[in-house]
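Residues per chain are reported as follows:
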Amino acid sequence: MILFPNAKINIGLRVLRKRPDGYHDIESIMIPVGWCDILELVPASTDTGSFTLTGSDLGGCPPEKNLVIKALTALENYIGHKLPPLEIHLHKQIPDGAGLGGGSADASFALIGANQLFQLGLSDEELASVAAKVGADCPFFIYNRPMLAEGIGEKLSPVDFSSLRGMGIAIVKPEAEAVSTKDAYAGICAAELPQGISLIEFAMHDISLWSSEGIVCNDFEQSIFPLRPIVADTLAALKAKGALYAAMSGSGAALFGIFPNVKMAEEAVADFVGCRTFAGALLPE
């Protein structure tokens, strides 16, 4: 079985408050995009199985700490028994330290794949509950459609963004820049949303209005940009190329721009040097 775990972008990311458990409550709209890793799951020919990691941004992470393995372990704990051994090959193409959710997507797609491969019969809701034990972003990738994320990211509500269909997405990640989620939160100053205005209400307006009023914004930008001017400059360059809306995704360091069509998005990424880039349809058919 071959799966293609895809990245996500955040349209708005508001850090609302720090919780007693040390996490932060957020409000964000997550949208899946077409930048994908490749995950192969094959029943093992031996009793031990294997895990192979190839591609970019390998980072020397031991297999047992990879989120794919953590997800499958969480699944075994949920069903109460070991899964048959697997030969797993994960080929990384989504950059790490980018705020694109690549590791979370890999974990969730591993759960989806194992559920299908071994005919476990688990519902999306059950898979999402298992995914939540692996990471806050993981449940989103079980459903893999535009969602409003609240709480620590685990409370998900569907969002109708069909008005954006036909637009293009350009993603640019400066090669030498990476931001850990922990470091991003360490520099944030949580601020409540303006009274009576929620992100989802404002995001339903025309995209040309998103940048006004400071509602559809990423609160991490205020702490990341002073420390990483290249990231800030990259965002400014995307805006200069005609993006209808541009922002940092998640905790960074990837930036994205939404363009009127795919051709403009492809042209926008062509000039970025020393960066990993992706361009395609924002909401593929």
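Please refer to the structure higher up on the page.
None of these values were measured; they are calculated from a predicted model. (Residues numbered from 1 in each chain as written. Predicted model: local features only at pLDDT ≥ 70, side-chain atom pairs only at ≥ 80, totals over all residues. Heavy atoms only, no water.)

Here Ser 50 is to be found in strand β5 (residues 50-55). Here Ser 50 falls in the partly exposed class, since its relative accessible area comes to 37%. The spacing of Ser 50 and Pro 85 is 35 residues in sequence and 8.1 Å in space, taken between C-alpha atoms. Those residues in contact with Ser 50, other than ones at most four positions away along the chain, are Leu 86, Glu 87 and Ile 88. (Helix = DSSP H or I, 4+ residues; strand = E, 2+ residues; numbered from the N terminus. Buried < 20%, exposed > 50% of the residue type's maximum accessible area, 1.4 Å probe, protein only. Contact = heavy atoms within 4.5 Å.)

Tallied over the full model, the rule gives 6 salt bridges. A salt bridge links Arg 14 to Asp 219, with the shortest nitrogen-to-oxygen separation between them at 3.3 Å. Here Arg 14 is found in strand β2 (residues 6-18), whereas its partner Asp 219 is found in the loop between α6 (199-203) and α7 (221-224), with 205 residues between them in sequence. Among the residues examined, Arg 14 registers a relative accessible area of 6% and is labelled buried. Across the pair Asp 96 and Lys 92 runs a salt bridge whose closest N-O atoms are separated by 4.0 Å. We classify Lys 92 as buried; its relative accessible area is 6%. Each of the salt bridges in this network shares a partner with another, and the network as a whole consists of Asp 37, Lys 92, Asp 96 and Asp 106. (Salt bridge = Lys/Arg side-chain N within 4 Å of Asp/Glu carboxyl O.)

Attention now goes to the sheet that holds β5. Read from one edge to the other, the open sheet built from 4 strands follows the order β1-β4-β6-β5, with strand pairing classed as mixed. For this open sheet the edge positions go to β1 (2-3) and β5, each flanked by a neighbour on one side alone. Its contacts with the sheet put helix α2 (residues 102-117) on β1, β4 (38-43) and β6 (86-92), and the angle it makes with β4 is roughly 30°. (Pairing = 2+ DSSP bridges. Axes fitted to C-alpha atoms, helices over the stretch in contact; angles between N-to-C directions.)

Before going further, it helps to examine the packing of aromatic side chains. Counted according to the given criterion, the structure contains 5 aromatic pairs. Summarising the aromatic geometry, the rings of Phe 140 and Phe 141 are spaced 5.0 Å apart at their centres and angled 75° between planes, so their arrangement reads as edge-to-face. On the basis of an interplanar angle of 40° and a centroid distance of 5.9 Å, the ring pair of Phe 161 and Trp 210 is categorised as tilted. In this pair, Phe 161 is assigned in the loop between β8 (155-158) and β9 (168-174) and Trp 210 in the loop between α6 and α7, connecting sequence segments 49 residues apart. Linked through ring pairs, Phe 161, Trp 210, Tyr 245 and Phe 256 together constitute an aromatic cluster. Residue placement shows Lys 241 over the ring face of Phe 272; its charged tip is 5.7 Å from the ring centre. (Phe/Tyr/Trp six-rings, centres within 6.5 Å; stacked < 30°, edge-to-face > 60°. Lys NZ or Arg CZ within 6 Å of the ring centre and 35° of its normal.)

What follows covers the nonpolar core. For soluble globular proteins, nonpolar side chains are generally found buried alongside one another. Counting 32 residues, the largest nonpolar core has Ile 9, Ile 11, Phe 161, Ile 171, Trp 210 and Ile 258 as its most contacted members. For this core, the element with the most residues is strand β3 (residues 24-36), which contributes 4 residues. Sequence-distant contacts of Ile 9, that is, excluding residues within four places in its chain, are made with Ile 29, Met 30, Ile 31, Val 33, Leu 100, Ile 169, Ile 171, Ser 249, Phe 256 and Leu 282. (Core = buried A, V, L, I, M, F, W, Y, C linked by side-chain atoms within 4.5 Å.)

Moving on to the pairing of β4. Of the pairings in the sheet, the one linking β1 to β4 comprises 2 bridges and is antiparallel in character. Paired with Leu 3 across the strands is Leu 39, a residue of β4. Inspection of the sheet shows β4 paired to β6 by 6 bridges, in the antiparallel sense. The residue of β6 that forms the bridge with Glu 40 is His 89.

What follows deals with the sheet that holds β2. Judged by pairing direction, the sheet is antiparallel, and its 4 strands sit side by side in the order β2-β3-β7-β8 without closing on themselves. Each having just a single partner strand, β2 and β8 make up the two edges of the open sheet. On average, adjacent strands in this sheet sit at an angle of 20° to one another, irrespective of strand direction. Direction of pairing for β3 relative to strand β7 (residues 147-151): antiparallel, over a ladder of 5 bridges. Looking at β7, one finds that Met 30 is bridged to Met 147.

Attention now goes to unusual backbone geometry. Leave glycine aside and you will find that most residues have negative phi; peptide bonds, for their part, are mostly trans. For the peptide bond that leads from Gly 252 to Ala 253, omega is 15°, which places it in the cis range. By secondary structure assignment, the location of Ala 253 is in the loop between β10 (245-248) and β11 (255-259). Phi at Gln 119 is positive, roughly 50°, even though this residue is not glycine. Relative to the assigned elements, Gln 119 resides in the loop between α2 and α3 (124-132).

Turning next to the packing of helix α1 (residues 67-79) against α2. At a closest axis distance of 8 Å, the pairing of α1 and α2 adopts a crossing angle of 40°. The orientation of α1 relative to α2 falls into the category oblique. The two elements α1 and α2 cross, and the hand of that crossing is right-handed. Of the residues in α2, those touching α1 at Leu 67, Val 68, Ala 71, Leu 72 and Leu 75 are Gly 103, Ser 104, Asp 106, Ala 107, Ala 110, Leu 111 and Ala 114. Split into classes, the residues belonging to the contact of α1 with α2 amount to 9 nonpolar, 2 polar and 1 charged. (Parallel < 35°, antiparallel > 145°, perpendicular 65-115°, else oblique. Left-handed = near helix turned anticlockwise from the far one by under 90°. Nonpolar A, V, L, I, M, F, W, Y, C, P; charged D, E, K, R; others polar.)

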